[in-house]
Amino acid sequence: MKMYLHLGQNTIVMTNRILGVFDLDNTTGSKSTKEFLAKAQREGRVVDVTWELPKSFIVCEEQGREIVYLSQMTPATLQKRTLS
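None of the values given here were measured: they were computed from a predicted structure.

**Q** Is there a simple way to explain the overall build of the protein chain in this structure?
**A** Across its full length, the protein chain carries three helices and six strands. The C-alpha atoms of the protein chain give 12 Å as radius of gyration, which agrees with the globular expectation for 84 residues (12 Å, within 12%). Taken over the C-alpha atoms alone, the protein chain extends approximately 35 × 25 × 20 Å along its principal axes. Per-residue burial over the protein chain gives 32% buried out of 84 residues. Counted over contacts in the protein chain with a minimum sequence separation of 6, partners at least 24 positions apart contribute 44%. Carbon and sulfur atoms make up 51% of the accessible area of the protein chain, which totals about 5700 Å². Taken as two groups, the 11 positive and 9 negative side-chain charges of the protein chain have centres that lie 2 Å from each other.

**Q** When you look at the nonpolar core in this model, what are you seeing that I'm missing?
**A** What tends to happen in soluble globular proteins is that the nonpolar side chains get buried as a cluster. Ranked by size, the top nonpolar core spans ten residues in total: Leu5, Leu7, Val13, Val49, Ile58, Cys60, Ile67, Tyr69, Met73 and Leu78. Residue assignment for this core shows that the elements contributing at least two residues are β1 (4–8), β5 (56–62) and β6 (65–71). With near-sequence residues (within four places) excluded, Val13 lies in contact with Met3, Tyr4, Leu5, Leu7, Ile18, Cys60, Glu62 and Tyr69. Listed in part, the seven residues of the second largest apolar core include Ala40, Phe57, Val59 and Leu70.

**Q** Would you take a moment to explain the pattern of salt bridges for this structure?
**A** Between side chains of opposite charge, pairing is possible as soon as their charged atoms come close. Tallying each qualifying case throughout the model produces four salt bridges. Through salt bridges with shared partners, a single ionic network connects Lys39, Glu43 and Arg45.

**Q** Got a minute to help me understand the environment of Arg42 in this structure?
**A** Inspection of the secondary structure assignment puts Arg42 in helix α2 (residues 31–42). Take Arg42: its relative accessible area is 65%, and that puts it in the exposed class. Sequence separation between Arg42 and Leu53 is eleven residues; the distance between their C-alpha atoms is 20 Å.

**Q** Mind showing me how you'd approach the sheet that holds strand β3 (residues 18–23) here?
**A** The strands making up a sheet associate through backbone hydrogen bonding, with each pair oriented either parallel or antiparallel. Spatially, four strands are ordered β3-β5-β6-β4 in an open sheet, and the strand pairing comes out mixed. Only two strands of the sheet have a single neighbouring strand rather than two, namely β3 and β4 (46–48). Sheet twist, expressed as the average angle between the axes of neighbouring strands with direction ignored, equals 20 degrees. Note: β3 against β5, five bridges, orientation antiparallel. Paired with Ile18 across the strands is Cys60, a residue of β5.

**Q** I keep staring at unusual backbone geometry and nothing clicks. Help me out?
**A** The phi angle of most residues is negative, glycine excepted, and most peptide bonds adopt the trans form. Even without a glycine there, the phi angle at Gln9 is positive, about 50 degrees. The topology assignment puts Gln9 in the loop between β1 and β2 (11–14). The backbone of Gln63 shows a phi angle near 55 degrees, a positive value even though the residue is not glycine. Summarising the element assignment, Gln63 is placed in the loop between β5 and β6. Overall, the relative accessible area of 81% leaves Gln63 in the exposed class.

Reading the values: rules and limits
- Residues numbered from 1 in each chain as written.
- Predicted model: local features only at pLDDT ≥ 70, side-chain atom pairs only at ≥ 80, totals over all residues.
- Heavy atoms only, no water.
- Helix = DSSP H or I, 4+ residues; strand = E, 2+ residues; numbered from the N terminus.
- Rg over C-alpha atoms; globule rule 2.2 N^0.38 Å.
- Buried < 20%, exposed > 50% of the residue type's maximum accessible area, 1.4 Å probe, protein only.
- Contact = heavy atoms within 4.5 Å.
- Areas by Shrake-Rupley, 256 points an atom, 1.4 Å probe, with all protein chains shown as cover.
- Lys, Arg positive; Asp, Glu negative; His and termini not counted.
- Charge placed at Lys NZ, Arg CZ, Asp CG, Glu CD.
- Core = buried A, V, L, I, M, F, W, Y, C linked by side-chain atoms within 4.5 Å.
- Salt bridge = Lys/Arg side-chain N within 4 Å of Asp/Glu carboxyl O.
- Pairing = 2+ DSSP bridges.
- Axes fitted to C-alpha atoms, helices over the stretch in contact; angles between N-to-C directions.

Put into structure tokens, the structure is as follows:
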């Protein structure tokens with residue numbers, strides 16, 4: 001059975017494509033996280049699905065590439081949605 005997760009702004013991803021869900025407040029202090037996000041941005045692999053300040057980023061594997069989604073939803077909210 002295929003399961004999907006709504007990330008915001010009419011954007012959904014298949015749950016089996018999700019590599020990780022990360023809290024922006026807790027991870028952006030890390031140098032390696034900053035470098036990862038900056039590289040993804042330079043390479044055009046960041047998709048902003050929020051009109052607000054993002055609270056999380058979701059890394060997905062799509063067509064052999066890592067895509068980073070910025071979402072206004074917290075990781076806890078996204079986790080609850082996968083359990084519903």
